[in-house]
Amino acid sequence: MSQVIALVDDDRNILTSVSIAVQAEGFVTRVYTDGQSALKALSDNPADLGVFDIKMPGLDGMELLKRLRESDGPAALMPVIFLTSKDDEQDEALGLAMGADDYIAKPFSQRLLIARIRAILRRADASRTTHPATAEQDGPDQPLIERGRLVMDPARHKVVWDGKAVTLTVTEFLILEALAQRPGVVKSRNQLLDVAYQDDVYVDDRTIDSHIKRVRRKFRGVDPEFDAIETLYGVGYRFGEE
């Protein structure tokens with residue numbers, strides 16, 4: 001079955017051109033010209049991935065993503081790519097802080113957008129819950145990663161800290177997994193980029209800093225004293241040994 005891409009933009013020309021390009025790659029598209037209609041539709045029936053423009057009248061892309069992430073249903077984990085204004089670093093930083101998986105500055109190459117969509121969907125597929133009916137034929141579940149108070153279940157994309165669930169996006173999960181697999185070992189930004197962004201898609205290495213800040217913020221939401229992810233300035237990050 002073809003994967004579904006939700007496109008949300010108040011510019012109908014962009015919606016039309018991007019929809020045609022995405023459909024040509026074998027995807028199904030659902031298009032929305034405003035954030036409010038997208039929120040209602042995606043809350044009830046999320047797509048496999050969303051591409052949201054940030055600057056829209058009424059409910060903008062930031063608020064749309066915020067409300068989806070705060071929901072209790074499957075829409076909370078839907079991967080999202082933000083379309084931002086050219087060279088607007090504030091938009092990019094805010095987008096990542098709100099829980100976007102990636103961002104692309106306008107004007108953008110449709111080839112780049114397709115490459116990012118495919119890369120994120122592959123990561124989402126790898127982290128998707130293993131269905132009980134297919135678990136046996138697909139092979140054994142990936143083992144849990146247990147590091148002190150942290151428990152990660154890669155097969156089911158679940159994270160628990162000190163018995164409390166923490167909701168992470170696909171990109172956040174992969175970065176944390178890379179750090180937790182080898183506690184005490186420092187991972188550079190470039191090494192973490194290789195984990196989170198494949199297919200030779202260029203992303204600035206400072207993007208990792210934004211992801212790390214967001215992961216820390218989510219963990220501190222359940223434990224204000226969370227400090228397991230350590231920064232080694234000028235070197236990278238590591239998961240602390242307990």
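Anything mentioned here points back to the structure above.
The sections below set out a description of the structure shown in this document. Remember, predicted model here, so these are calculated numbers, not experimental data.

The peptide bond linking lysine 106 to proline 107 adopts the cis configuration, its omega dihedral lying at -10°. Tracing the backbone through its elements, the reader meets proline 107 in the loop between strand E5 (102-105) and helix H5 (110-127). The residue aspartate 162 is not glycine, and still its phi comes out positive at about 55°. Following the sequence through the fold, aspartate 162 ends up in the loop between strand E8 (158-161) and strand E9 (164-165). On the basis of relative accessible area, aspartate 162 is assigned to the partly exposed category, the value being 48%.

Attention now moves to the packing of helix H2 (residues 35-44) against helix H3 (residues 61-70). Relative orientation of the contacting elements H2 and H3 amounts to 20°, with a least axis distance of 10 Å. Viewed along their axes, H2 and H3 adopt a mutual orientation that is roughly parallel. Where H2 crosses over H3, the two elements pack in a sense that is right-handed. Taken together, the residues of H3 that come into contact with H2 (itself represented by Gly35, Gln36, Ala38, Leu39, Leu42 and Ser43) are Leu64, Arg67 and Leu68. Counted by class, the contact of H2 with H3 contains five nonpolar, three polar and one charged residues.

Let us now look at the pattern of salt bridges. Taken as a whole and judged by the stated rule, the model has 12 salt bridges. Between glutamate 70 and lysine 66 there is a salt bridge, with its nearest N and O atoms 2.9 Å apart. Taken together, the positions of glutamate 70 and lysine 66, both in helix H3 and four residues apart, correspond to about one turn of that helix. Under the relative-accessibility criterion, glutamate 70 is labelled exposed at 52%. Assessed through its relative accessible area of 33%, lysine 66 is described here as partly exposed. Among the salt bridges present, the one from arginine 214 reaches glutamate 172, with a minimum N-O distance of 2.1 Å.

Of all hydrophobic cores here, the largest spans 25 residues; its most connected members are Leu150, Val159, Leu176, Phe219 and Ile229. Only strand E7 (150-153), E8, helix H7 (170-180), helix H8 (189-196), helix H9 (207-222) and strand E11 (236-239) provide two or more residues apiece to this core. Looking at this core element by element, the count peaks at six residues for H7. Not counting residues up to four positions away in its chain, the partners in contact with isoleucine 229 are Leu176, Leu179, Ile212, Val215, Arg216, Tyr237, Arg238 and Phe239. Among the nonpolar cores identified, the runner-up in size contains 23 residues, and Ala38, Leu64, Leu68 and Ala75 belong to it.

Another point: the packing of aromatic side chains. Across all of its chains, the model carries four aromatic pairs by this definition. Judged by centre distance (5.8 Å) and plane angle (85°), the rings of tryptophan 161 and phenylalanine 219 are edge-to-face. Placement of the pair is tryptophan 161 in strand E8 and phenylalanine 219 in helix H9, with a sequence separation of 58 residues. The class for tryptophan 161 is buried, based on a relative accessible area of 1%. Taking 4.9 Å as the distance between ring centres and 85° as the angle between the ring planes, the aromatic pair formed by tryptophan 161 and phenylalanine 226 counts as edge-to-face. Taken together, the residues span a long stretch of sequence, with tryptophan 161 in strand E8 and phenylalanine 226 in the loop between H9 and strand E10 (229-232) at a distance of 65 residues. Three or more aromatic residues joined by ring pairs form one cluster here, namely Trp161, Phe219 and Phe226.

The rules we used
Residues numbered from 1 in each chain as written. Predicted model: local features only at pLDDT ≥ 70, side-chain atom pairs only at ≥ 80, totals over all residues. Heavy atoms only, no water. Helix = DSSP H or I, 4+ residues; strand = E, 2+ residues; numbered from the N terminus. Buried < 20%, exposed > 50% of the residue type's maximum accessible area, 1.4 Å probe, protein only. Axes fitted to C-alpha atoms, helices over the stretch in contact; angles between N-to-C directions. Parallel < 35°, antiparallel > 145°, perpendicular 65-115°, else oblique. Left-handed = near helix turned anticlockwise from the far one by under 90°. Contact = heavy atoms within 4.5 Å. Nonpolar A, V, L, I, M, F, W, Y, C, P; charged D, E, K, R; others polar. Salt bridge = Lys/Arg side-chain N within 4 Å of Asp/Glu carboxyl O. Core = buried A, V, L, I, M, F, W, Y, C linked by side-chain atoms within 4.5 Å. Phe/Tyr/Trp six-rings, centres within 6.5 Å; stacked < 30°, edge-to-face > 60°.

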